[in-house]
Amino acid sequence: MTLEELREAQKISRDIIKLLDEKDKAEAAGDLAEVERLYYDMRICNYKLRTIKAAIDRIPDLRIRTAAICRYLLDMSWRDVAQHLGQEETPDGIRAALERHIRKCGGMYDE
């Protein structure tokens, strides 16, 4: 798992929300072909997201895992992540700790 994959997970999460909105509009318009296409796109996005979530779930450090989930899957700001973690965390400190951990592990959570 790399930082690029985490950033991709954040983008995919945003894309899924957009696809859901588009699917709702297509359903309301009765465009079944478009609904089917959007559903297929959502399935692909969900598969990619599940792969990244599985790698995040294998991070042994709970603080780092929580920071990755909050920032990249829940799309929280670094300030909100630091507040969520508490215990005198700073946005820059938690971001640096996460980046250091990912670089140090060098993809060891990939399968």
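Every value quoted in this text rests on a predicted model; they were computed, and no experiment measured them.

**Some details on helix H1 (residues 3-29)**
The terminal C-alpha atoms of H1, which comprises 27 residues, lie 39 Å apart, in line with the 39 Å expected from a rise of 1.5 Å per residue. Every buried residue of H1 is accounted for by Leu3, Leu6, Ala9, Gln10, Ile12, Ser13, Ile16, Leu19, Lys23 and Ala26. On its buried side, H1 packs onto helix H2 (32-57), helix H3 (62-73) and helix H5 (91-105). After H1 finishes, the residue Gly30 shows a positive phi value of roughly 80°.

**Regarding H2**
In a regular helix each residue adds 1.5 Å, so 26 residues correspond to 38 Å; H2 covers 36 Å between its end C-alpha atoms and thus fits that length. Of the positions making up H2, those classed as buried are Val35, Leu38, Met42, Cys45, Leu49, Ile52, Ala55 and Ile56. The inward-facing, buried residues of H2 contact H1 and H3.

**Considerations on unusual backbone geometry**
We note that Asp75 has phi near 60°; this positive angle belongs to a residue other than glycine. Among the structural elements, Asp75 can be located in the loop between H3 and helix H4 (78-85). The exposure class assigned to Asp75 is partly exposed, which follows from its relative accessible area of 35%.

**Describing the packing of H3 against H4**
Between H3 and H4, the least distance of the axes is 9 Å, while the angle of their chain directions is 140°. Accordingly, the angle class assigned to the pair H3 and H4 is oblique. For the pair H3 and H4, the sense of crossing is right-handed. Only Trp78, Val81, His84 and Leu85 of H4 make contact with H3, whose side of the interface consists of Arg63, Thr66, Ala67, Cys70, Arg71 and Tyr72.

**Considering the pattern of salt bridges**
In the structure shown here, the tally under the stated rule is seven salt bridges. The partner of Asp75 in a salt bridge is Arg14, and the shortest N-O contact between them spans 2.9 Å. With Asp75 in the loop between H3 and H4 and Arg14 in helix H1, the pair connects residues that are 61 residues apart, well separated along the chain. Judged by its relative accessible area of 42%, Arg14 falls in the partly exposed class. Salt-bridge contacts for Glu34 lead to Arg37; the nearest nitrogen and oxygen are separated by 2.7 Å. Pair noted here: Glu34 and Arg37 are both in helix H2, with a separation of three residues, about one helical turn. When its relative accessible area of 24% is taken as the criterion, Glu34 is described as partly exposed. Shared partners join several salt bridges into a network, and the residues in it are Glu34, Arg37 and Asp41.

**Considerations on the confidence of the model for the protein chain**
Summary statistics for the protein chain give a mean pLDDT of 86 and a share of 95% for residues scoring 70 or more. The spread of mean pLDDT over the elements of the protein chain runs between H5, the lowest at 85, and H2, the highest at 91.

Definitions and cut-offs
One numbering rule holds for all chains: residues counted from 1, following each sequence as written. Reporting in this predicted model follows two pLDDT cut-offs: at least 70 for local features of residues, and 80 or more for side-chain atom pairs to be given and counted; totals over whole chains, interfaces and linings ignore these cut-offs and use all residues. To obtain the side-chain values, all non-hydrogen atoms of the structure were used and water was disregarded. Only DSSP runs of H or I with at least four residues qualify as helices, and only runs of E with at least two residues qualify as strands; both kinds are numbered from the N terminus onward. One fewer than the residue count of a helix, multiplied by 1.5 Å, yields its expected span. Accessibility here uses a 1.4 Å probe with only protein chains present; expressed as a share of the type maximum, an area under 20% marks a residue as buried, one over 50% as exposed, and anything in between as partly exposed. Note on contacts: a residue pair qualifies if any of its non-hydrogen atoms lie within 4.5 Å across the two residues. Whenever a helix is involved, its axis is fitted only over the stretch in contact; in every case the axis is a line through C-alpha atoms, and angles between N-to-C directions fall within 0 to 180 degrees. Angle categories are assigned with fixed cut-offs, so that under 35 degrees is roughly parallel, over 145 is roughly antiparallel, 65 to 115 is roughly perpendicular, and the rest are oblique. Left-handed describes a crossing whose near helix is turned anticlockwise from the far helix through less than a right angle; right-handed describes the clockwise counterpart. Here a salt bridge means any side-chain nitrogen of Lys or Arg lying within 4 Å of a carboxyl oxygen belonging to Asp or Glu. Think of pLDDT as the predictor's per-residue confidence, scored from 0 to 100.

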